[in-house]
Amino acid sequence: MKRDRPAPIRSRRLVVLLIAFTLISSCHSRVFAQIGWTDEQFEQWVFQQFGNAATARTKLKDSLELYTENVDQTCGLSEDQKRKLRLAGQGDIERFFRKYEKVKKHFQAIRNDQQKVNEIWQAISPLQTEMTSGLFHRDSLLQKSLVNTINRKQFLAYLKVDEERRRFHHESKIGLVLTLLDQAAPVTASQRKQLRDLLRLETKPPRKSGQYDYYAIMHQVSKIDEAKFKLILDDIQWQVFNQQFAQMRDMDKWLKQMGLLSDDDDDDDVLLPDEQVAAE
Amino acid sequence: MIRELKNRKQNRMSYTPAVLAALLTLLTAQAADAFPVDFILNAPGDRKQAEPEEVQDVKEAAADAKEADDSQPVAAEANPVKRGIVREKAAVVAEGAAEAAEEVGQVLGELISGLFGRGRGNPAVVGDVNLNGNALNQFEAQYGRHFDQVVKTELHFIRLVCQLTREQYDAMASDGKLIRTKTINKFALLQQGMNRGIQSSSDHDTRKPIADGLLESAKRHLKPDQVAKYESELAERNNAKKEVSVLTTAAKVDRKLVLNTEQRAQVSKILSENWNEPWGSTQMMMYGGDHFPNVPDRELTPILTATQKKVWRTVTQQNQVFFGFNIGMNQGIAIADEQWDDDKPADDKVANDKVASDKPANEAKTDTEPANAKPVRKLRDANPKTVPVDENEKPEASE
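Predicted, not measured: the structure shown is a model, and the values here were computed from it.

With that settled, the discussion passes to the packing of aromatic side chains. How two aromatic rings sit relative to each other is given by the distance of their centres and the angle of their planes. Residue and element names in this part refer to chain A. Scanning the entire structure with this criterion turns up 23 aromatic pairs over all chains. With a centroid separation of 6.5 Å and an interplanar angle of 70°, the aromatic rings of F42 and W45 are classed as edge-to-face. Of this pair, F42 and W45 both sit in helix α2 (residues 39-47), separated by three residues, roughly a single helical turn. The exposure classification of F42 matches that of W45, with both residues buried. Plain terms: the ring middles of F97 and Y100 are 5.9 Å apart, the flat faces sit at 85° to each other, and that makes the pair edge-to-face. Of this pair, F97 and Y100 both sit in helix α4 (residues 79-110), three residues apart, roughly one helical turn.

Here's what the structure looks like:
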């Protein structure tokens, strides 16, 4: 029967088979091509929602402009002061991209070795955190240069505004911690108020604020003397809370790795410009 | 498309890659579970299989209730309490079943409208809907413990706030089983939709439907002043949640736009006045990252500077970022059973049986004093003003 079939039909079948093979092999090759990661994919990993390095740089510049504008609103900067701040902020951006380029160079050297590519995530993770948290934190060149850029009166005004912002963010994180604990084991309005007061007293804003602040605050909460909680909570509530805290107590290493916990965290003093000069 | 393929065959035309790709797509679609077919076309056998033990218990109770209605007056007189209980149970079952059907219908309607596009008329109303037995069993196996814990902690909270007697607690715990089943069904249905990429706008807070259900139960079993206390606490809880959501969202906007103090207060006010429930999802607050709620531009932009406006335009604004339902943080957390002064191990007997057997003891108790007092080590948190803190009290080791 088969032999009787006309030649065009057989050749058509051959074409169909060839096309199917091409489709399958193209999918197959796409899967295996993943091992040889591209620069674009690397950028996507680091810059996530920003997509690539160029967009991220633009966003960071916008962010710098917002910071400068904010300090200007508070302190009334001269053009020269603004220029100095922008320069310092630009230094933060360049410092970040130098770190990025270093990791990228390493990535390019090992991009075909799946094992080593997995390892590079340890280097990418802090870059991601820095990008999402923002570069202009307390340890940034921008903030440090303020001391040499603005006068004492301007600095005091800035400190007040900065403190208000820190308190605002801290309050929101305390609220979030309480909401999550409340979901695990509901507390009464009275208990909620007492817990809020306790957390206000016993925790402080992380040195570098960012999207992982919750973990940094929860870590601090987990280290509060349990007797203070037991005065507010009953046994079952404490049992649930304590199990949450236990998970957080051992997170020091991760928090430090993510830059959320620093050995300098206890150093709360802020020196005024002339005091800093004197200290130096 | 199939007709076209046939025509092509008849016309002895060669197959193009596009036709092959379409054929592959068709085959893939056939192989995949086609939503919502298995939602709607469940075999009755599957439904029976899907019924957890609690539902069967409740059905038995309903059957008992029917029997009680048809029984001889002598039998009813012999155990009036039990008859009352069974009738009450039947009422709960009937009400629960009606509510569940209505809710499931609504959720399914949303899911279907999500599948076929929103705004095409009213959500579909499906009266006789049940989940695929396997899906429900899988969901139960994966999340059942979480729902147990939510019910348990909520009941404990009610005990704390309303100073429940053991009988009241047991009665509510019994209702809690039905509420748990109903809630699991609801979220299993949501999960099925999620697995197919369909997002429902329903509230994904697993505690809320349980608290709502227990509030209804409280209205049946507790005194009005106790119900009022629980209602008031629930309102406080919701207010606190909204307050935190507003604060968290404002902080997120601040991080993006570097607001000044006055702007932060204005943003908080705008968010509060235009509040939308899904904005407050826990996951949105924790993991929302660069997602922002759809704040009305006419209110927000006038308070921003030119640079802030420029940055705000690049922000992704969505009213709902779908993170799935929230299982909270108590997954895998062990919670001790309630302890009572008489220290009898908690059992799952029908609560109202206890009412009959313990009645004389209860009658001796006052209204303000719980029948089985000391639900927990300290009750002063429920009444901090009336229960003084003993300064010399040392924290006890956990029981």
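Time to look at unusual backbone geometry. All names here are of chain B. Of note in the backbone geometry, Q163 takes a positive phi value of approximately 50° without being a glycine. With respect to the element layout, Q163 can be found in the loop between α8 (133-162) and α9 (166-195). For Q163, a relative accessible area of 16% puts it in the buried group. For V258, which is not glycine, the phi torsion reads 45° and is therefore positive. Locating V258 in the fold gives a position in the loop between α11 (224-257) and α12 (261-273). Residue classification places V258 among the buried residues on the basis of a relative accessible area of 4%.

Once that is clear, we can look at the confidence of the model for chain A. Overall, the prediction assigns chain A a mean pLDDT of 83, with 81% of residues at 70 or greater. For chain A, helix α14 (residues 273-279) of chain A is the element with the lowest average pLDDT, namely 53, and helix α9 (residues 189-202) of chain A is the one with the highest, namely 96.

Glancing now at the nonpolar core. In terms of nonpolar packing, the biggest core is built from 35 residues, with Y214, F229 and F241 of chain A touching the most fellow members. Within the residue set of this core, elements represented by two or more residues are α8 (152-184), α9, α10 (213-222) and α12 (235-249) of chain A together with α13 (282-287) of chain B. At seven residues, the largest contribution of residues to this core is made by α8 of chain A. Apart from residues lying up to four places away in sequence, F229 of chain A is in contact with L195, L198, L199, V221, I224, W238 and F245 of chain A. If you look at the next biggest cluster of nonpolar residues, it comprises 33 residues, including F47, L64, F136 and Y158 of chain A.

Parameters and conventions
Residues numbered from 1 in each chain as written. Chains lettered and ligands numbered in written order. Predicted model: local features only at pLDDT ≥ 70, side-chain atom pairs only at ≥ 80, totals over all residues. Heavy atoms only, no water. Phe/Tyr/Trp six-rings, centres within 6.5 Å; stacked < 30°, edge-to-face > 60°. Helix = DSSP H or I, 4+ residues; strand = E, 2+ residues; numbered from the N terminus. Buried < 20%, exposed > 50% of the residue type's maximum accessible area, 1.4 Å probe, protein only. pLDDT = per-residue confidence, 0-100. Core = buried A, V, L, I, M, F, W, Y, C linked by side-chain atoms within 4.5 Å. Contact = heavy atoms within 4.5 Å.

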